[in-house]
Amino acid sequence: MSHTLPQHPWWMDAVFYQIYPRSFQDSNGDGIGDIQGIISRLDAVAALGVTALWLSPLYPSPDADNGYDIADYCDIDPRYGTLADFDRLVAEAGRRGIRIVMDLVINHTSSQHPWFRASRRRVAPYDDYYIWRPGRTAGSAGDTEASGTSAPDGERIPPNNWTGFFMGPAWEWDEERQEFYLHLFDKRQPDLNYHNRAVIEEIKQILRFWLDRGVAGFRCDVISLLYKTSLDDGETGPIRGLEHYKAQPGTHAILAELRRDVLQPYHAFTIGEAVMVTPQEARDLTAPERHELDMVFYFDHLEVDRVIAKYVPKPFSAAELLNRLTRWQQSELWNAAYWENHDQPRIVSHYGNDKRYWKRSAMALALIQLTLRGTPFIYQGQEIGMTNFDVTRIDQLDDVESRNMDTLLQRYHVPQALRWYLIRTASRDNARTPMQWDSGPNGGFTTGTPWLGVNSNASWLNYAKQTDDPRSVLNFYRRLIRLRATSPTLREGGFEPIWADRHVMAYRRTPAVVGGPAVQTNAEAAKDGSPNPPATYTVWVNLSDQPQRLKRPWLLSAIVAHPTITTTGVRPPMIVASNTGRHELNGILEPWEAVLVREVEARPWHGDEVSVDEDPS
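Residues numbered from 1 in each chain as written. Predicted model: local features only at pLDDT ≥ 70, side-chain atom pairs only at ≥ 80, totals over all residues. Heavy atoms only, no water.

Peer 1: Please clarify how the pairing of strand β16 (residues 375-379) should be interpreted in this entry.
Peer 2: Moving residue by residue along a regular strand, the side chains alternate between the two faces of the sheet. Buried residues dominate β16, accounting for five of its five residues. Side-chain alternation along β16 places Thr 375, Phe 377 and Tyr 379 on one buried face and Pro 376 and Ile 378 on a second face that is also buried. Where strand β2 (residues 16-19) meets β16, three bridges bridge the pair, whose relative direction is parallel. Along β16, the bridge assignment pairs Tyr 17 with Ile 378. Two elements, strand β15 (residues 336-338) and β16, share three bridges in a ladder whose sense is parallel. Residue pairing in the sheet places Ala 337 in a bridge with Pro 376 of β16. (Buried < 20%, exposed > 50% of the residue type's maximum accessible area, 1.4 Å probe, protein only. Helix = DSSP H or I, 4+ residues; strand = E, 2+ residues; numbered from the N terminus. Pairing = 2+ DSSP bridges.)

Listed below in structure tokens is the structure:
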């Protein structure tokens with residue numbers, strides 16, 4: 001499958017790195033990461049091959065949801081530093097060829113934001129900045145339908161039956177205003193009212209403030225939920241009411257206006273977190289002719305082993321993973337290729353084996369991510385194979401979502417052992433433990449007491465131990481990023497699924513089509529002496545703890561039918577990236593083995609490909 005490519009904006013060739021500031025590097029010993037800490041580690045980030053940083057919120061916040069409840073959009077929280085520190089970060093990153101992208105959280109604010117405090121008191125013009133409704137009184141007509149439950153006569157009940165993403169009702173009664181307000185997330189995160197034009201104008205000013213400080217764009221939090229078309233009751237489901245606000249026409253209109261009036265004049269980049277969207281809904285948000293977003297983050301490929309919600313597991317299947325990846329890779333979207341972020345478990349603990357095959361499975365998942373079509377996003381610590389948080393009790397977790405889930409599961413009488421297993425494996429705090437820089441106290445993150453516990457494996461799993469080790473996970477990431485940078489096929493070529501079963505999957509990346517006519521084939525390039533002919537690559541991955549024989553006839557015949565032509569004759573296709581040190585296929589994949597094969601390569605192989613020699617673990 002070939003793709004016709006538009007003119008390249010910078011972000012299509014970028015490698016992004018997400019920093020969760022409070023957990024990245026503390027410079028002053030207060031146990032919380034900060035901007036000066038980020039600046040001190042920019043060389044480490046640049047050495048990975050990163051060209052853009054996405055920063056999770058740095059704004060002042062009371063931390064109901066770890067900074068995603070913003071109390072002031074145009075300042076830096078003193079715990080992280082100052083606006084002057086931020087300006088220095090932008091400048092220092094720029095000197096290393098790295099752009100800065102801010103996290104933009106505009107579906108909701110903090111309940112401590114001055115807008116909301118004024119809105120509670122009905123102070124103009126803020127009285128209508130949020131979604132307020134009087135609710136109903138129990139005993140009145142329609143009250144049961146609106147609340148989803150029965151209530152004693154005279155008791156106030158919410159205006160409808162919507163539930164939030166953090167479990168529980170989506171409405172909260174406010175004594176001061178004597179009305180309910182809508183919050184799709186925590187009750188301390190009230191939703192803004194995008195039926196009010198003044199709110200949209202406020203957002204434009206916020207965008208301009210940061211763009212004028214030199215940021216390159218924004219990662220837009222839950223951006224597909226902005227506009228609530230109606231407040232009618234929702235259909236039965238895990239999140240009731242979703243059909244009234246997910247990817248609505250009103251949201252598209254808002255995004256197009258922000259693009260036209262602010263983002264386009266600044267040539268700003270945007271990527272939106274799109275909740276539960278289909279490929280078509282995602283395309284509607286990102287199609288170039290619609291002038292809304294540039295890319296979206298979707299979650300489909302991270303839910304292969306989940307039933308509806310991430311807290312309800314089911315068996316993993318490599319075939320299902322390939323099916324979901326193909327669905328998005330072959331869409332007309334430009335993909336965000338990612339495994340981890342601040343809301344997801346560590347991928348080596350989620351899809352990999354973080355015990356016996358820790359290193360090999362971390363590398364296998366790296367090879368998949370960095371051979372997908374789209375822009376890679378790497379989350380801090382992923383490049384060294386950081387694992388899930390090794391906590392043993394709920395009170396060691398900080399995450400509001402995890403605590404709410406524990407309360408909900410208790411309400412349904414889920415046994416404590418099962419309850420803890422579900423929360424421990426899916427908690428957002430798995431990704432929020434401090435970065436493991438070295439073997440010293442607190443993994444080198446802080447000289448003080450860290451805001452969240454440091455994994456005990458930091459003593460051996462850390463950046464310092466890996467940076468000079470050619471066989472490390474870190475250096476495997478570095479080499480794959482370099483390989484990708486030199487290969488148009490791997491960056492923007494076509495994606496073709498080949499075959500998969502429960503344990504193994506295979507896919508092919510084919511040369512890109514640029515501007516319409518196809519680029520040269522390998523044979524054509526070889527004839528005219530081109531030094532770097534476009535290549536076709538095939539990826540084989542064993543996502544299991546057992547060796548897997550490649551049983552399909554075409555897999556074995558492909559080894560013979562597509563030889564590599566070298567100066568010394570004909571030999572099987574050469575593996576140019578491997579997490580086991582192997583250089584030729586033999587029909588068997590070892591546990592968690594991943595290989596990248598260059599097909600019909602018309603140049604000698606010199607042994608300089610991306611590979612490691614390692615023990616089975």
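Having put the structure on the table, let's press on.
Peer 1: I would appreciate a short explanation of helix α9 (residues 318-329) in the present structure.
Peer 2: Spacing of three or four residues puts side chains on the same side of an α-helix, whose turn is 3.6 residues. With 12 residues, α9 extends 16 Å from end C-alpha to end C-alpha; this agrees with the ideal 16 Å at 1.5 Å per step. Of all the residues in α9, the buried ones are Ala 318, Leu 321, Leu 322, Arg 324, Leu 325, Thr 326, Trp 328 and Gln 329. In this structure, the buried residues of α9 make contact with α8 (279-286), α11 (358-369), β17 (494-500) and β18 (504-510). Residue Ser 317 occupies the N-cap position of α9, its side-chain oxygen lying 3.3 Å from the main-chain nitrogen of Ala 319. (Expected span 1.5 Å × (residues − 1). Contact = heavy atoms within 4.5 Å. Polar contact = N/O pair within 3.5 Å; in protein donor to acceptor, adjacent residues only side chain to side chain.)

Peer 1: So what exactly am I meant to see when it comes to the pattern of salt bridges here?
Peer 2: Where side chains of opposite charge bring their charged atoms close, a pairing between them can arise. For the coordinates displayed, the defined rule picks out 40 salt bridges. With a closest N to O distance of 3.0 Å, Asp 63 and Arg 22 form a salt bridge. One end of the pair, Asp 63, is in the loop between β3 (52-55) and α3 (83-95); the other, Arg 22, is in the loop between β2 and α1 (35-40), with 41 residues separating them in the sequence. Linking Glu 292 and Arg 290 is a salt bridge whose minimum nitrogen-to-oxygen distance equals 3.2 Å. (Salt bridge = Lys/Arg side-chain N within 4 Å of Asp/Glu carboxyl O.)

Peer 1: Sorry, what's going on with the packing of aromatic side chains here?
Peer 2: Ring pairs (aromatic) are described by centroid distance and by the angle formed between their planes. Following the criterion strictly, the structure yields 31 aromatic pairs and no others. Look at Phe 16 and Phe 377: their rings are 4.4 Å apart centre to centre, the planes differ by 15 degrees, and that puts the pair in the stacked class. In this pair, Phe 16 is assigned in strand β2 and Phe 377 in strand β16, connecting sequence segments 361 residues apart. Residue Phe 16 is classed as buried on the basis of its relative accessible area, which comes to 0%. Exposure remark for Phe 377: the relative accessible area of 4% places this residue in the buried category. (Phe/Tyr/Trp six-rings, centres within 6.5 Å; stacked < 30°, edge-to-face > 60°.)

Peer 1: It is not clear to me how unusual backbone geometry should be interpreted in this structure. Could you clarify?
Peer 2: Trans peptide bonds make up most of the peptide bonds, and negative phi angles are found at most residues other than glycine. Here the amide bond leading from Ala 124 into Pro 125 is cis, since omega sits at 0 degrees, within 30 degrees of zero. Non-glycine residue Arg 122 carries a positive phi angle of around 60 degrees. Here Arg 122 is to be found in the loop between α4 (114-120) and β5 (132-133). Overall, the relative accessible area of 46% leaves Arg 122 in the partly exposed class. Phi at Asn 442 is positive, roughly 55 degrees, even though this residue is not glycine. Among the structural elements, Asn 442 can be located in the loop between α13 (416-426) and α14 (463-467). Judged by its relative accessible area of 24%, Asn 442 is partly exposed.

Peer 1: Would you mind showing me how to read the sheet that holds strand β8 (residues 171-174) here?
Peer 2: Whenever strands of a sheet pair, they do so through backbone hydrogen bonds, lying parallel or antiparallel. Overall, antiparallel pairing links the three strands, which are arranged β5-β9-β8 in an open sheet. Looking at the sheet topology across the chains shown, the edges are occupied by β5 and β8. In this structure, β5 lies alongside strand β9 (residues 179-182), joined through two bridges in antiparallel fashion. Counted as the bridge partner of Trp 132 is Tyr 181 from β9.

Peer 1: Is there a simple way to explain the packing of helix α12 (residues 400-411) against α13 in this structure?
Peer 2: When two helices pack together, you describe them by how their axes are tilted relative to each other and by the distance separating the axes. Axis separation between α12 and α13 bottoms out at 10 Å; the angle between their running directions is 155 degrees. For the element pair α12 / α13, the angle class is roughly antiparallel. Two packed elements cross with a definite hand, and for α12 against α13 that hand is right-handed. Seen from α12, the contacting residues are Ser 402, Met 405, Asp 406, Leu 409 and Gln 410; seen from α13, they are Arg 419, Leu 422 and Ile 423. (Axes fitted to C-alpha atoms, helices over the stretch in contact; angles between N-to-C directions. Parallel < 35°, antiparallel > 145°, perpendicular 65-115°, else oblique. Left-handed = near helix turned anticlockwise from the far one by under 90°.)

Peer 1: Teacher, can you tell me more about the environment of Leu 585 here?
Peer 2: With respect to the helices, strands and loops of the structure, Leu 585 is situated in the loop between β24 (574-578) and β25 (588-589). A relative accessible area of 9% places Leu 585 in the buried class. C-alpha separation for the pair Leu 585 and Val 595, spaced 10 residues apart in sequence, amounts to 8.8 Å.

Peer 1: Whenever I open this one, the packing of α11 against helix α15 (residues 473-485) confuses me. Can you help?
Peer 2: Look at α11 against α15: their axes get within 10 Å of each other, and the N-to-C directions meet at 15 degrees. On the basis of the axis angle, α11 is roughly parallel to α15. Remark: the crossing between α11 and α15 carries right-handed chirality. Residues Trp 358, Lys 359, Ala 362, Met 363, Ala 366, Leu 367 and Gln 369 of α11 form the contact with α15, whose participating residues are Val 473, Phe 476, Tyr 477, Leu 480 and Arg 484. In terms of residue class, the contact of α11 with α15 is made up of nine nonpolar, one polar and two charged. (Nonpolar A, V, L, I, M, F, W, Y, C, P; charged D, E, K, R; others polar.)

Peer 1: I would appreciate a short explanation of the sheet that holds β2 in the present structure.
Peer 2: What the eight strands build is an open sheet, ordered β12-β11-β10-β4-β3-β2-β16-β15; its pairing is parallel. Looking along the sheet, the strands with just one partner apiece sit at the ends: β12 (295-297) and β15. Each strand axis lies, on average, 25 degrees off the axis of its neighbour in the sheet, ignoring direction. Sheet topology note: the β3/strand β4 (residues 99-104) ladder contains four bridges and is parallel. Counterpart to Leu 53 in the pairing with β4 is Ile 100.

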